[in-house]
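Results of the structural survey
Here's the letter readout for the chains.
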Amino acid sequence: MNILLLNSGSSTLKFQLIHMTSSSRVAGNPLCVARGLIDRIGSEGSCAFALPGGAPEHATASVGDHEEAVERVLGWLQSNRANVVERVDGVGHRVVYGGDRFLTSVLIDDRVLKAIEALSDLALLHNPASVSGIRAARRVLGSKVTMIAVFDTSFHRTLPDYASTYAIPHELTRRHRIQRYGFHGLAH
């Protein structure tokens, strides 16, 4: 099973294509099939793509937005000798902010995509990039490829109230749903 992992940052797109077998799932050792980074999206940026054991291919590129970045990654995977894009079985999308709406990882459908987009006002630099990446992956790979959203905010959802509550009036926290979510939880 091949899983494409996409991390749409505010001005970057990082990816890995990993291969999982039943034994690697048990051992927790997936095989990286390809990886890369597109940096400085929205301006004159750079791309670095690599296959296992090979030196990264570096190039300067003007990439206008995250949708174009995802298309570039998928195009590179498809142009590769192994033609690995036709073997993508699923896509995992890192999404920074799911707030109290998404407590765990979820299967992406139109309703979920709209909800992630609606939370963008609370993560202006990250959620719009994630939405763009999801849309591009869905358009290029089609509806038969399963896509999952994994939220930074769900990682620390089990924080007790005393650790997740800010020292501000409780009325404000309730009205505006303000709490600590433990951002960048996926990095742990």
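Above this text is the structure in question.
Residues numbered from 1 in each chain as written. Predicted model: local features only at pLDDT ≥ 70, side-chain atom pairs only at ≥ 80, totals over all residues. Heavy atoms only, no water.

Concerning the overall build of the chain
Within the chain one finds 7 helices and 8 strands. Evaluated residue by residue, the chain yields a buried proportion of 41% over its 188 residues. Taking all contacts inside the chain whose residues are at least 6 apart in sequence as the whole, residues at least 24 apart take part in 57%. A total accessible area of about 10,300 Å² is found for the chain, and carbon and sulfur atoms account for 54% of it. (Helix = DSSP H or I, 4+ residues; strand = E, 2+ residues; numbered from the N terminus. Buried < 20%, exposed > 50% of the residue type's maximum accessible area, 1.4 Å probe, protein only. Contact = heavy atoms within 4.5 Å. Areas by Shrake-Rupley, 256 points an atom, 1.4 Å probe, with all protein chains shown as cover.)

Digging into the pairing of strand S2 (residues 12–19)
Where strand S1 (residues 2–8) and S2 come together, 7 bridges link them in antiparallel fashion. Residue Leu4 lies in a different strand from S2, and its bridge partner there is Leu17. Where S1 hands over to S2, the hairpin turn is made up of 3 residues, counted between the paired strands. Pairing analysis gives 8 bridges linking S2 to strand S3 (residues 31–39), with the strands arranged antiparallel. Counterpart to Phe15 in the pairing with S3 is Gly36. (Pairing = 2+ DSSP bridges.)

Observations concerning unusual backbone geometry
One non-glycine residue, Arg40, adopts positive backbone phi at about 60°. If you trace the backbone, Arg40 turns up in the loop between S3 and strand S4 (44–50).

Focus on the pattern of salt bridges
With the rule as written, the count across this model stands at 9 salt bridges. Note that Arg40 and Asp39 form a salt bridge whose closest N and O atoms lie 3.4 Å from each other. We classify Asp39 as partly exposed; its relative accessible area is 23%. Overlapping salt bridges, with partners in common, bring together Glu67, Glu71 and Arg139 in one network. (Salt bridge = Lys/Arg side-chain N within 4 Å of Asp/Glu carboxyl O.)

Comments concerning the side chain of Ser132
By the secondary structure assignment, Ser132 is in helix H4 (residues 127–141). Judged by relative accessible area, which is 19%, Ser132 ranks as buried. The contacts of Ser132, once residues within four sequence positions are left out, are His66 and Glu67.

Here's the deal with H4
Compared with the 21 Å implied by 1.5 Å per residue over 15 residues, the 21 Å span of H4 between its first and last C-alpha is a close match. A positive phi of about 90° marks Gly142, the residue just after H4. (Expected span 1.5 Å × (residues − 1).)

Some details on the environment of Phe102
Relative to the assigned elements, Phe102 resides in the loop between strand S6 (88–95) and strand S7 (106–107). Phe102 sits in the buried class, given a relative accessible area of 3%. For the pair Phe102 and Ser154, spaced 52 residues apart in sequence, the C-alpha to C-alpha distance is 6.9 Å. Excluding residues within four positions of it along the chain, Phe102 makes contact with Val112, Ala115, Ile116, Leu119, Phe151 and Ser154.

Section: the side chain of Asn127
Take Asn127: it is sitting in helix H4. Taking the relative accessible area as the measure of exposure, Asn127 reaches 0% and is therefore buried. For Asn127, the contacting residues outside a window of four places in its chain are Val95, Val96, Tyr97, Ile116, Leu119 and Ser120.

Re the packing of aromatic side chains
Inspection of every chain in the model, using the stated rule, returns 4 aromatic pairs. Taken together, a centroid distance of 5.0 Å and an interplanar angle of 45° make the contact between Phe49 and Trp76 tilted. Placement of the pair is Phe49 in strand S4 and Trp76 in helix H2 (residues 66–79), with a sequence separation of 27 residues. With a relative accessible area of 6%, Phe49 lands in the buried category. By relative accessible area, Trp76 is classed as buried at 10%. The ring of Phe102 carries Arg101 above its face, with NZ or CZ at 4.7 Å from the centroid. (Phe/Tyr/Trp six-rings, centres within 6.5 Å; stacked < 30°, edge-to-face > 60°. Lys NZ or Arg CZ within 6 Å of the ring centre and 35° of its normal.)

In short, shape yes, function no, at least from these values alone.
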